[in-house]
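# Observations on the model geometry
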Amino acid sequence: MFILKAGEMMTVILETKQLTKKFGDNLVLKGIDSKIEQGQVIAVIGPSGSGKSTYHRYLNLLEQPTSGSVVFEDQTINQLTENELDKIREKMGMVFQSFNLFANYSELENVNLAPMNVQGLTAEAATKQSQALLEQVGLADKADAQPTSLSGGQQQRVAIARALAMHPDVMLFDEPTSALDPEMVGEVLNVIKNLAQTGMTMIIVTHEMGFAKNVADQVWFMDEGQLIEKGTPTQVFDHPQEARTQDFLSKVL
Ligand code: ADP
Ligand code: MG
């Protein structure tokens, strides 16, 4: 657990400073300054190709940025060794568009894997925890099922349980519902919404504007590698200040 410091109302848990990424000549992130406070739910919206996924991947340094830094829980994590970074990454649960469950393992085994292999839990302790997590995502009865026998929505819920099994301080979602059939989007968004109510800090890249409006504390609009506008859902959706935000919203709302 990340503990609030005495006297502080809000604690910045994750911060990027002038985060920049170039792919060849393509400047994909143009010096992003951002701060995520403990317990905040942030929805990152914006057009395809605007750099949302790249930004998201750098929050736990899955890849190294061209320049700039990432500060997690008061520690600049750029200079860490891979081993040290792996420890940090355990505290950031990641959920992607593709669920990437191990097809040969049951749901329960998928959720058990990291706690047993990384945290050294016994099979018994891991199983107890995994069952509780599968129940949290509404899949208590599917523990023994193989991923391939489940719907996309169910698999994504298992992927969320798997990320939660490491007791992360932050959950990072990159378009968690974009690969799903429309009828399965709601069940996954509900799980994320319930998680928000537990106080989990979350950064969610999403195209689900209704969800962003209902669940996020902050909405960040990204375009061409920059955070163009940040605000409460009401500010960004109902009173966007920037022309590019207005233009984007006029197309998607
Ligand atoms: P978004 O998630 O908002 O759709 P991305 O972060 O995926 O945007 O991509 C932003 C830009 O970076 C795009 O122009 C994309 O082509 C480029 N890009 C992303 N990843 C790579 C990569 N590994 N190599 C080269 N270009 C990339
Ligand atoms: Mg993306």
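These numbers were taken from a predicted model, which means no experiment stands behind them. (Residues numbered from 1 in each chain as written. Chains lettered and ligands numbered in written order. Predicted model: local features only at pLDDT ≥ 70, side-chain atom pairs only at ≥ 80, totals over all residues. Heavy atoms only, no water.)

If you look at the biggest cluster of nonpolar residues, it comprises 36 residues, and the most contacted ones within it are Leu-134, Ile-160, Met-171, Phe-173, Ile-192, Leu-195 and Met-202. Broken down by secondary-structure element, the contributors of at least two residues to this core are helix H3 (107-117), helix H4 (123-136), helix H5 (152-164), strand S7 (170-174), helix H6 (182-197), strand S8 (201-205) and helix H7 (209-215). Here this core takes eight residues from H6, the largest share from any one element. Counting 26 residues, the second largest nonpolar core, distinct from the first, contains Leu-14, Leu-85, Met-92 and Val-170. (Core = buried A, V, L, I, M, F, W, Y, C linked by side-chain atoms within 4.5 Å. Buried < 20%, exposed > 50% of the residue type's maximum accessible area, 1.4 Å probe, protein only. Helix = DSSP H or I, 4+ residues; strand = E, 2+ residues; numbered from the N terminus.)

The full set of residues close to ligand 1 is Phe-23, Asn-26, Val-28, Pro-47, Ser-48, Gly-49, Ser-50, Gly-51, Lys-52, Ser-53, Thr-54 and Arg-57. The side chain of Asn-26 places a nitrogen or oxygen atom 3.5 Å from an oxygen atom of ligand 1. With respect to ligand 1, the backbone of Gly-49 contributes an N or O atom lying 2.6 Å from an oxygen atom. Protein chains bury 61% of the 550 Å² of accessible surface belonging to ligand 1 in isolation. Where the shell around ligand 1 is concerned, the elements lending two or more residues are strand S2 (26-37) and helix H1 (52-58). Here the element with the most residues in the shell around ligand 1 is H1; it accounts for four residues. Within the shell around ligand 1, the residues separate by chemical class into three nonpolar, seven polar and two charged. (Near = heavy atom within 4 Å. Polar contact = N/O pair within 3.5 Å; in protein donor to acceptor, adjacent residues only side chain to side chain. Areas by Shrake-Rupley, 256 points an atom, 1.4 Å probe, with all protein chains shown as cover. Nonpolar A, V, L, I, M, F, W, Y, C, P; charged D, E, K, R; others polar.)

Our next topic: unusual backbone geometry. Of all residues except glycine, most have a negative phi; of all peptide bonds, most are trans. Here Leu-61, not a glycine, exhibits a phi torsion of approximately 50°, which is positive. With respect to the helices, strands and loops of the structure, Leu-61 is situated in the loop between H1 and strand S4 (67-72). Using a relative accessible area of 2% as the deciding quantity, one classes Leu-61 as buried. The phi dihedral of Glu-224 is positive, around 45°, even though this residue is not glycine. Note that Glu-224 resides in the loop between strand S9 (218-223) and strand S10 (226-231). Glu-224 gets classed as partly exposed once you look at its relative accessible area, which sits at 49%.

Below, the discussion takes up the UniProt feature "domain: ABC transporter" (unreviewed entry) in the protein chain. According to UniProt, the positions carrying the feature "domain: ABC transporter" (unreviewed entry) are residues 14-249. Within residues 14-249, the helical portion is 38% and the strand portion 26%, while the C-alpha atoms at the span's ends are 27 Å from each other. (UniProt positions renumbered as here; feature names shortened; annotations may be inferred.)

Moving on to the side chain of Thr-206. Within the secondary structure, Thr-206 sits in the loop between S8 and H7. A residue is classified by how much of its surface remains accessible, and Thr-206, at 2% relative accessible area, is buried. Reaching out from Thr-206, the side chain makes a polar contact with the backbone nitrogen of Glu-208 at a distance of 2.9 Å. When residues no more than four places from it in sequence are discounted, the contact partners of Thr-206 are Ala-43, Val-44, Ile-45, Phe-211 and Ala-212. (Contact = heavy atoms within 4.5 Å.)

Taken as a whole, this structure holds two aromatic pairs when the rule is applied. Ring geometry for Phe-102 and Tyr-105: centres 5.9 Å apart, planes at 90°, overall edge-to-face. Residue class for Tyr-105 comes out partly exposed when judged on its relative accessible area of 35%. Centroid distance Phe-221 to Phe-248: 5.2 Å. Interplanar angle 35°. Geometry classified as tilted. Taken together, the residues Phe-221 in strand S9 and Phe-248 in helix H9 (residues 243-252) connect sequence positions 27 residues apart. For the pair Phe-221 and Phe-248, one class covers both residues: buried. (Phe/Tyr/Trp six-rings, centres within 6.5 Å; stacked < 30°, edge-to-face > 60°.)

Right, let's get into the confidence of the model for the protein chain. Looking at the protein chain as a whole, the pLDDT averages 94, with 96% of positions reaching at least 70. For this predicted complex, the interface confidence comes out at an ipTM of 0.98, alongside a pTM of 0.94. (pLDDT = per-residue confidence, 0-100.)

So, on to H5. One full turn of an α-helix is made of 3.6 residues, so residues set three or four places apart face in the same direction. Helix length check: H5 (13 residues) gives 18 Å between terminal C-alpha atoms against 18 Å at 1.5 Å per residue, within 8%. The buried fraction of H5 amounts to twelve of the 13 residues, a majority that puts the element mostly inside the structure. Listing the buried residues of H5 in full gives Gly-152, Gly-153, Gln-154, Gln-155, Gln-156, Arg-157, Val-158, Ala-159, Ile-160, Ala-161, Ala-163 and Leu-164. Those residues of H5 that are buried are in contact with strand S6 (92-95), H3, H4, S7 and H6. (Expected span 1.5 Å × (residues − 1).)

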